[in-house]
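# Coordinate inspection notes
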Amino acid sequence: MKAMRIITALSMILKMLLRRRIIIISLLVLPFVFLTIVELTAPTRFIPFRLASLDVRVFIRESLKEIALVFFSVTSSGFLVSLLALNLVQIENEVNRRLVICGYHPFDLLISNLLALLLVILTIAVYIGLLINEFVAVRHLPMFIFGLMLIGFVYGCYGLTIGSLIKGKLEGVFFIVLLANIDAGWLQNPMYYAEAHNNEIIRYLPAYFPSQSAIIAAFTDYSGANARFYSILYGTGFLILALLIFYNKMRIKK
Amino acid sequence: MILKVENIGKSFGKNKVLKNVSFEMDPSLLYGIVGENGSGKSTLLKIIVGEWKPDKGNISVAGRIGYCPQNVLLFSHLTVDENMRYFAAAYNIEKLEFISRSESLMDYFNFKKFRKERVVNLSGGTQQKINLAIALLHRPQLLILDEPYNGFDWDTYQRFWIYANQLREEGCAILVVAHLITEKERFDRVFNLTEGELT
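Reading the values: rules and limits
- Residues numbered from 1 in each chain as written.
- Chains lettered and ligands numbered in written order.
- Predicted model: local features only at pLDDT ≥ 70, side-chain atom pairs only at ≥ 80, totals over all residues.
- Heavy atoms only, no water.
- Core = buried A, V, L, I, M, F, W, Y, C linked by side-chain atoms within 4.5 Å.
- Buried < 20%, exposed > 50% of the residue type's maximum accessible area, 1.4 Å probe, protein only.
- Helix = DSSP H or I, 4+ residues; strand = E, 2+ residues; numbered from the N terminus.
- Domains from an automatic or database assignment.
- Contact = heavy atoms within 4.5 Å.
- pLDDT = per-residue confidence, 0-100.
- Buried area = accessible area lost by both parts, 1.4 Å probe.
- Salt bridge = Lys/Arg side-chain N within 4 Å of Asp/Glu carboxyl O.
- Polar contact = N/O pair within 3.5 Å; in protein donor to acceptor, adjacent residues only side chain to side chain.
- Nonpolar A, V, L, I, M, F, W, Y, C, P; charged D, E, K, R; others polar.

## A short note on the nonpolar core
In this structure, F144 of chain A together with M84, Y86, F109 and I174 of chain B are the most contacted members of the largest nonpolar core, which totals 124 residues. Take this core: its biggest share by element is 14 residues, from helix α3 (residues 64-90) of chain A. Residue-level mapping places this core at the junction of two domains, with at least three residues from each of domain 1 (1-63 + 141-199) and domain 2 (70-139) of chain B. Setting aside its immediate chain neighbours within four residues, I174 of chain B contacts M25, L29, L30, Y31, L143, L145, A164, L167 and R168 of chain B. With 27 residues, the next largest nonpolar core counts I8, I59, I144 and F191 of chain B among its residues.

Right under this line is the structure:
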């Protein structure tokens with residue numbers, strides 16, 4: 001019966017997601033717009049750069065345009081998943097509470113939300129992965145898509161945490177935009193990172209490992225196994241936090 | 001006895017909304033709670049159903065609770081049928097049983113024609129009917145209703161009271177937050193909540 005409840009909740013969550021037109025439009029249009037703008041504006045000059053998670057002697061030489069395209073595909077993947085995750089737990093919070101009062105276990109609801117989120121992560125990663133492949137010849141496409149899934153996982157779980165923690169929609173969006181903009185959209189850019197002071201700080205931010213994993217797969221033949229492992233670990237940390245906050249807020253209080 | 005509320009207290013900051021509220025409810029009786037706006041009626045109901053935690057006191061419930069909140073709490077992007085099915089899953093109702101109960105409630109409160117419509121597209125009164133029907137879906141033994149007829153037309157309002165009386169005759173204990181003085185005679189017992197205390 002528990003599995004039945006999770007399946008019911010998952011199907012309802014997916015129906016609600018698909019019926020919000022703005023969500024579908026954002027998923028399809030935003031990455032395409034981002035990448036087209038980069039394609040039209042970024043310079044084509046080749047530059048050498050170093051990736052933080054590879055050996056210091058390894059230099060990669062790519063055009064600024066290709067670096068920017070790959071970097072923005074990672075950023076938009078994380079940003080979109082994070083916003084969707086926030087939406088999943090926050091927008092129907094009060095009604096979900098009523099479901100719990102009527103008998104749903106908070107964990108059943110969170111597991112259903114998580115499964116919906118995983119489907120969203122997979123869809124966004126595959127879509128953006130295939131889209132970027134039209135702009136840049138990515139060296140290892142499946143691994144690159146997996147990197148996009150990892151940024152989706154880390155930022156999705158961050159979105160779940162923020163959605164569980166913060167009641168106000170605007171405040172939630174603010175926290176997502178703030179971190180996604182500074183971390184995934186700026187500090188993890190390999191061009192910025194190479195020249196940054198105190199780049200140990202950047203290594204502790206959520207987008208570090210997933211962006212490294214995706215960029216390694218896009219431009220090199222090196223293994224990004226470490227970056228992938230730590231991405232999963234980072235995302236799991238956010239997930240546990242989200243679980244605890246969500247459970248504490250949703251449980252029946254006697 | 002189906003519900004026992006003992007010495008419940010609840011404050012929001014310095015505002016003591018409930019002070020040592022105690023009462024009991026027995027099956028087959030219809031209870032009303034009256035009181036001014038902000039007197040703590042909804043707070044008390046939210047504590048009874050477990051939505052909020054009291055600062056002190058105990059609640060004992062011996063039976064299935066059905067709760068209709070004051071505000072419509074439905075998934076606005078799901079259809080009426082889907083909302084009913086989602087809450088039926090929460091109540092653990094079997095499929096055949098669910099079909100029979102939801103059909104009967106949709107017929108009685110006259111919203112069957114909207115079953116395939118999304119809730120967001122329905123009028124406030126129809127949304128309130130669904131809000132109430134969800135509280136009744138699992139044949140509760142204790143029914144907690146917070147101004148359940150807001151937005152009802154006269155016919156639905158009358159039908160609501162007929163339904164409530166039928167449930168009472170079947171053994172259900174019902175607690176209704178009410179405002180209208182004329183409603184007081186409908187109840188077997190009326191609690192007046194004044195300055196956080198029941199009289």
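Picking up after the structure, the text goes on.
## A short note on the confidence of the model for chain B
Of all residues in chain B, 99% attain a pLDDT of 70 or more, and the chain-wide mean is 94. Interface confidence for the predicted complex, given as ipTM, is 0.93, next to a pTM of 0.89.

## Some thoughts on the domain arrangement of chain B
All names here are of chain B. Domain boundaries in chain B define domain 1 (1-63 + 141-199) and domain 2 (70-139). For domain 1 and domain 2, the distance between their C-alpha centroids amounts to 23 Å. Taken together, the contacts link 18 residues of domain 1 with 11 residues of domain 2. The largest share of the area that domain 1 buries against domain 2 comes from F152, R159 and Y163, three residues that together contribute 37% of it. The tally of links from domain 1 across to domain 2 stands at zero salt bridges. At the surface where domain 1 touches domain 2, the tally comes to four residue pairs in polar contact (both at pLDDT 80 or more). Mapped onto the side of domain 1 that touches domain 2, the elements with two or more residues apiece are β6 (142-146) and α5 (154-169). A total of six residues in the side of domain 1 that touches domain 2 trace back to one element, the largest contributor, which is α5. Residues that form the side of domain 1 that touches domain 2 fall into these classes: nine nonpolar, five polar and four charged.

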